[in-house]
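This is what each chain is made of:
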Amino acid sequence: MRMSKKRFVSMLMSATMMIGLLAGCSSNTTQESANTQNTAVTQETQDAVKTDDAGTDSGEKITLRFAWWGGDARHKATLEAISKYMELNPNVVIEGEYMGYDGYYEKLVTSLSSGTAPDIFQFHRDWISDVQGSEHYLADMSALPIDLSTLDAGVLERSGNYDGESVLFSTTLAGQVLYYNTEFFVRNEINPEDIKTWDDLKAVGAKVNSANADQYLMAADIDVLNRLVLLEYLSQLTGGSIINEDYTLNFTEEQMTEALQNILDLYSTNTFEPFGESAAFVGVMEQNTKWVNGQLGMLLDVSNTSAKYKASIEGEIGVMAIPRLEDAKCSGVDFSGNLGFSINDNSKYKEEAAKFLDWFANSEEASVIVLDSRGLPASSTSMKALQDNNLVDEIAQKALEISAPDSYTINTISGNTELETIRKDILQEVIYRDLTPQDGAKEIITQYEKVLSDLRDTK
């Protein structure tokens, strides 16, 4: 699918406005932490340059910018790997640019359009068609010095290729799971085996909040509600992606109404922490005060995020499958290699960027540093390195195994950002009861059909 230049520019204008809004309402604590960490990286790189100038004649100095999103555990592991690479390659300086998930995509597409994007950046498969369909922003890694053979051919085909080029190196295979605080479950006498369906989840959630009004079974931000809860429920109803390959809807008004009603019920039963309270932790739900203090029982996320949840509380975490409908056509889990890295096609140092990425994603040295901070690796050599060194985390392994059975892989068109924005906006209106679930479903279909018609015209 190719997006018109006009449509992409419009999206970027919206993104720029969004960044301004996010800057005004973002968490000061998170921003101060990021500023502190980035300052530390800058100092490290300056020190590396001084050391090399003083004692090593290794040719041209090369500075690469590397951007990613994540939590503190991912940041720490990635920075340590960067330092190791600079130690091994004294002529290369790598500047880390990192943040939480909220606002990352908007910032990235704006930098791509303005020609100021990093050389290497963490990326998601759902964004490929919007970005690469407008301009050739993502380099074809099959023409660069990076070993793609470590990835299963199916992973490349489903998650990394676009128009015959390999533009995303998947860092992990993943699906959706529920992480839970084991101490919370014991204290509230919850057996994970008792939560199989959405109705089970609501029943337990109501019981938990009735026992103590300051605690909730779960919490979710708008991205989790939109990308995980809503889409999971719909795929359980339909058996696949929300949009067919021919740009037609793969759901009915009744099915969308049911999916929106399910989310509304999760709030009305007090299963979910109030939406307004969770909104303070968009993209960093592991920092939610109630989760950290043991007042939240579970968080929904992908199976490659266990490290940040383990690091966020003092006790142990467990992992379990997402709830499902009794007559579900599939588990509702989108299992694929969606998370990965791309190289800026306009980078001055594409070859050096590829060399670093090959080391970071495939080498034993990097693997034993990065561990499962992005989930268990999709690279066969990286996974072997963890296995050989007995570094495969039990929770990460279990999360991967739980999420794989009876799953599906969402198609590219269903991840379109315009469609996603429509869902998010209407979903919030439903949560705040400005729209009924049925009216919300009608509005989603009306807006979807217009966008899909435009996309068909620009194919």
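To continue, consider the overall build of the protein. Broken down by element type, the protein carries 19 helices and eleven strands. For the protein, the residues scored as buried account for 56% of the 459 residues in total. Restricting the contact set of the protein to residue pairs at least 6 apart, pairs at least 24 apart contribute 78%. Carbon together with sulfur atoms contributes 49% to the accessible area of the protein, which is approximately 19000 Å² in total.

Turning to unusual backbone geometry, a few remarks are in order. Note: most residues except glycine have negative phi, and most peptide bonds are trans. Even without being a glycine, E189 presents a positive backbone phi close to 55 degrees. You can see E189 is positioned in the loop between α7 (182-187) and α8 (198-211). Unusually for a residue other than glycine, L371 sits at a positive phi of about 50 degrees.

In low-pLDDT regions, the fine details of the predicted coordinates are not to be read closely. Residues at a pLDDT of 70 or more form 87% of the protein, whose mean pLDDT is 87. Contacts of residues 1-6 to residues separated by more than four positions or lying in other chains number 21 contacts, the stretch itself having pLDDT below 50. Confidence drops under pLDDT 50 across residues 13-58; counting only partners more than four residues distant or on other chains, this segment forms 41 contacts.

Our next topic: the pattern of salt bridges. Taken as a whole and assessed by the stated rule, the structure comprises 18 salt bridges. Between D393 and K310 there is a salt bridge, with the nearest N and O atoms lying 2.4 Å from each other. Taken together, the residues span a long stretch of sequence, with D393 in the loop between α16 (380-388) and α17 (394-403) and K310 in helix α13 (residues 306-312) at a distance of 83 residues. D406 is the partner of R324 in a salt bridge, and the nearest nitrogen-oxygen pair spans 2.9 Å. Residue R324 is found in the loop between β10 (317-320) and β11 (339-343), and its partner D406 is found in the loop between α17 and α18 (417-431); the two are separated by 82 residues along the sequence. Sharing partners across several salt bridges, the network here consists of R125, D126, R227, D334 and E420.

All right, on to a nonpolar patch on the surface then. A cluster of nonpolar side chains, namely V368, L371 and L391, defines an oily patch on the protein surface of about 190 Å² accessible area. In this fold, V368 is placed in helix α15 (residues 364-370). Accessibility expressed as a relative area gives 32% for V368, which makes it partly exposed.

What holds strands together in a sheet is hydrogen bonding between their backbones, with the strands either parallel or antiparallel. Pairing in this open sheet of four strands is mixed, and the strands run β8-β9-β7-β10 from one edge to the other. If you trace the sheet from one side to the other, it starts and ends with β8 (216-219) and β10, each paired once. Strand-to-strand twist across the sheet, computed as the mean angle between neighbouring axes with direction ignored, equals 25 degrees. The sheet contact formed by strand β7 (residues 176-181) and strand β9 (residues 296-302) spans five bridges and is antiparallel. For Q176, the partnering residue across the bridge sits in β9 and is V302. In this fold α8 packs onto β8 and β9, with an angle of close to 120 degrees to the strand it touches most, β8. Packed on one face of the sheet, helix α9 (residues 222-238) meets β7 and β9 and runs near 85 degrees to β9.

All right, on to the side chain of T271 then. Here T271 is to be found in the loop between α10 (253-268) and α11 (275-278). For T271, a relative accessible area of 0% corresponds to the buried category. At 2.8 Å, the side chain of T271 forms a polar contact with the side chain of T269. Leave out the neighbours within four places in its chain, and T271 touches L201, K202, G205, A206, Y216, L217, M218 and L266.

Our next topic: the packing of aromatic side chains. For the structure on display, the rule yields 26 aromatic pairs. Residues F356 and F360 carry aromatic rings whose centres are separated by 5.6 Å and whose planes lie at 40 degrees to one another, so their mutual orientation is tilted. One end of the pair is F356 and the other is F360, both in helix α14 (residues 350-362) and four residues apart, which spans about a single turn. We classify F356 as buried; its relative accessible area is 0%.

The rules behind the values
Residues numbered from 1 in each chain as written. Predicted model: local features only at pLDDT ≥ 70, side-chain atom pairs only at ≥ 80, totals over all residues. Heavy atoms only, no water. Helix = DSSP H or I, 4+ residues; strand = E, 2+ residues; numbered from the N terminus. Buried < 20%, exposed > 50% of the residue type's maximum accessible area, 1.4 Å probe, protein only. Contact = heavy atoms within 4.5 Å. Areas by Shrake-Rupley, 256 points an atom, 1.4 Å probe, with all protein chains shown as cover. pLDDT = per-residue confidence, 0-100. Salt bridge = Lys/Arg side-chain N within 4 Å of Asp/Glu carboxyl O. Patch = residues over 30% accessible without salt bridge, like charges linked within 9 Å, V, L, I, M, F, W, Y side chains within 5 Å. Pairing = 2+ DSSP bridges. Axes fitted to C-alpha atoms, helices over the stretch in contact; angles between N-to-C directions. Polar contact = N/O pair within 3.5 Å; in protein donor to acceptor, adjacent residues only side chain to side chain. Phe/Tyr/Trp six-rings, centres within 6.5 Å; stacked < 30°, edge-to-face > 60°.

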